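# Descriptive analysis of the structure
Chain by chain, the residues:
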Amino acid sequence: MDIKTGFFYLFSAVLLFASFRVITARNPVYAALYLVLAFSQAAAVWLLLRAEFLAISLVLVYVGAVMVLFLFVVMMLDINLDSLRAGFWKHFPAAGFIGALIALEMAAVLMGGFRVGEEARPAAATAQAVAADYSNTKELGKLLYTQYLYPLEIAAVLLLVAIIAAIALTLRERKDSRHMDPAHQVRVKARDRLQVVKLPPTLAAPPVPAEAAPEGKA
């Protein structure tokens, strides 16, 4: 076993442990931190596979943006953990069955794809070195905008619909919510917000009352 294979097994083991802790951690903050660890290990596996663009995108987008947002939301909200744990064991058999079914389906698809790829790849191509000017980012862009152009556009439309639905759900009018009318803000004028009061430059000091005379003196 060479050093690359050793790093692969190391990153994979840490990734599996972090993924398991994400769903078993009792504290939501710890679960989010374990998810950050899982993303970083997945990025390391991408680097071993010479997919630098995907690894950097995973670190910048998920670890640097999405998970930081999750941590802020989790720490700012007052989450009732007892309500989250309610009904856990009641739905655990159905959740375990669905999870095992998805895992088996993914294993069947991946193992089948690996076998087809190994059979279709000639021995000479396996031993052939990668060209010096090869760029996986360029090849990924070619695939996305040629062979997978329509799936990419469909995914973009679905994400746009999800964003509009999220905005429509969160901006509904409620009695306890406070919002401002943008049209009223645009039509406002300076004299409606600021009132200038003219004051004299100097003010006369008020007269000091005379002190009372001490007792026994005229």
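Predicted, not measured: the structure shown is a model, and the values here were computed from it.

### Looking at the packing of helix H2 (residues 28-48) against helix H3 (residues 52-76)
Relative orientation of the contacting elements H2 and H3 amounts to 175°, with a least axis distance of 9 Å. Classed by the angle they form, the pair H2 and H3 counts as roughly antiparallel. Judged by residue contacts, Pro28, Val29, Ala32, Leu33, Leu35, Val36, Phe39, Ser40, Ala42, Ala43, Trp46 and Leu47 of H2 engage Glu52, Leu54, Ala55, Leu58, Val59, Tyr62, Val63, Met67, Leu71, Val74 and Met75 from H3. Looking at the contact of H2 with H3, its residues break down into 21 nonpolar, 1 polar and 1 charged.

### Quick word on the side chain of Ser12
By secondary structure assignment, the location of Ser12 is in helix H1 (residues 3-24). Residue Ser12 is classed as buried on the basis of its relative accessible area, which comes to 18%. At 2.7 Å, the side chain of Ser12 forms a polar contact with the backbone oxygen of Phe8.

### Section: a nonpolar patch on the surface
Residues Phe97, Ile98, Leu101, Ile102, Met106 and Leu110 make up a contiguous nonpolar surface patch of roughly 600 Å² in combined accessible area. Its place among the elements puts Phe97 in helix H5 (residues 88-120). By relative accessible area, Phe97 is classed as exposed at 58%.

### Thoughts on the UniProt feature "transmembrane region" (unreviewed entry) in the protein
Taking the UniProt record as the reference, the feature "transmembrane region" (unreviewed entry) is found at residues 6-23, 30-49, 55-79, 91-114 and 148-171. Helix makes up 100% of residues 6-23 and strand makes up 0%, while its end C-alpha atoms are separated by 27 Å. Each end of residues 30-49 is marked by a C-alpha atom, and these two atoms are 29 Å apart; helix forms 95% of the span and strand 0%.

### Thoughts on the packing of aromatic side chains
This structure, assessed with the given rule, holds 5 aromatic pairs. Seen from their ring centres, Phe7 and Phe11 are 5.8 Å apart, and the 25° between their planes marks the pair as stacked. Of this pair, Phe7 and Phe11 both sit in helix H1, 4 residues apart, which is roughly one turn of that helix. Residue classification places Phe7 among the partly exposed residues on the basis of a relative accessible area of 38%.

### Details of unusual backbone geometry
Look at Arg50: it is not a glycine, yet its phi comes out positive at around 65°. With respect to the helices, strands and loops of the structure, Arg50 is situated in the loop between H2 and H3. According to the relative accessible area criterion, Arg50 is exposed, its value standing at 54%.

### A short note on the nonpolar core
Looking at soluble globular proteins, one finds that nonpolar side chains tend to be buried together. Counting residues in each nonpolar core, the largest one holds 8 residues, listed as Ala32, Phe39, Ala42, Ala43, Ala55, Leu58, Met67 and Leu71. Of all the elements in the fold, those that place two or more residues in this core are H2 and H3. Setting aside its immediate chain neighbours within four residues, Ala55 contacts Ala43, Trp46 and Leu47.

### A few points about the environment of Leu16
Tracing the sequence through the fold places Leu16 in helix H1. The class of Leu16 is exposed, set by a relative accessible area of 62%. On a C-alpha basis, the gap between Leu16 and Ala42 in space is 9.9 Å, while along the polypeptide they are 26 residues apart.

### Looking at the confidence of the model for the protein
The predicted model of the protein has a mean per-residue pLDDT of 79, with 80% of residues at 70 or higher. Every residue in residues 123-127 scores below 50 in pLDDT, and together they form 1 contact with partners more than four places removed in sequence or on other chains.

Rules of the game
- Residues numbered from 1 in each chain as written.
- Predicted model: local features only at pLDDT ≥ 70, side-chain atom pairs only at ≥ 80, totals over all residues.
- Heavy atoms only, no water.
- Axes fitted to C-alpha atoms, helices over the stretch in contact; angles between N-to-C directions.
- Helix = DSSP H or I, 4+ residues; strand = E, 2+ residues; numbered from the N terminus.
- Parallel < 35°, antiparallel > 145°, perpendicular 65-115°, else oblique.
- Contact = heavy atoms within 4.5 Å.
- Nonpolar A, V, L, I, M, F, W, Y, C, P; charged D, E, K, R; others polar.
- Buried < 20%, exposed > 50% of the residue type's maximum accessible area, 1.4 Å probe, protein only.
- Polar contact = N/O pair within 3.5 Å; in protein donor to acceptor, adjacent residues only side chain to side chain.
- Patch = residues over 30% accessible without salt bridge, like charges linked within 9 Å, V, L, I, M, F, W, Y side chains within 5 Å.
- Areas by Shrake-Rupley, 256 points an atom, 1.4 Å probe, with all protein chains shown as cover.
- Salt bridge = Lys/Arg side-chain N within 4 Å of Asp/Glu carboxyl O.
- UniProt positions renumbered as here; feature names shortened; annotations may be inferred.
- Phe/Tyr/Trp six-rings, centres within 6.5 Å; stacked < 30°, edge-to-face > 60°.
- Core = buried A, V, L, I, M, F, W, Y, C linked by side-chain atoms within 4.5 Å.
- pLDDT = per-residue confidence, 0-100.

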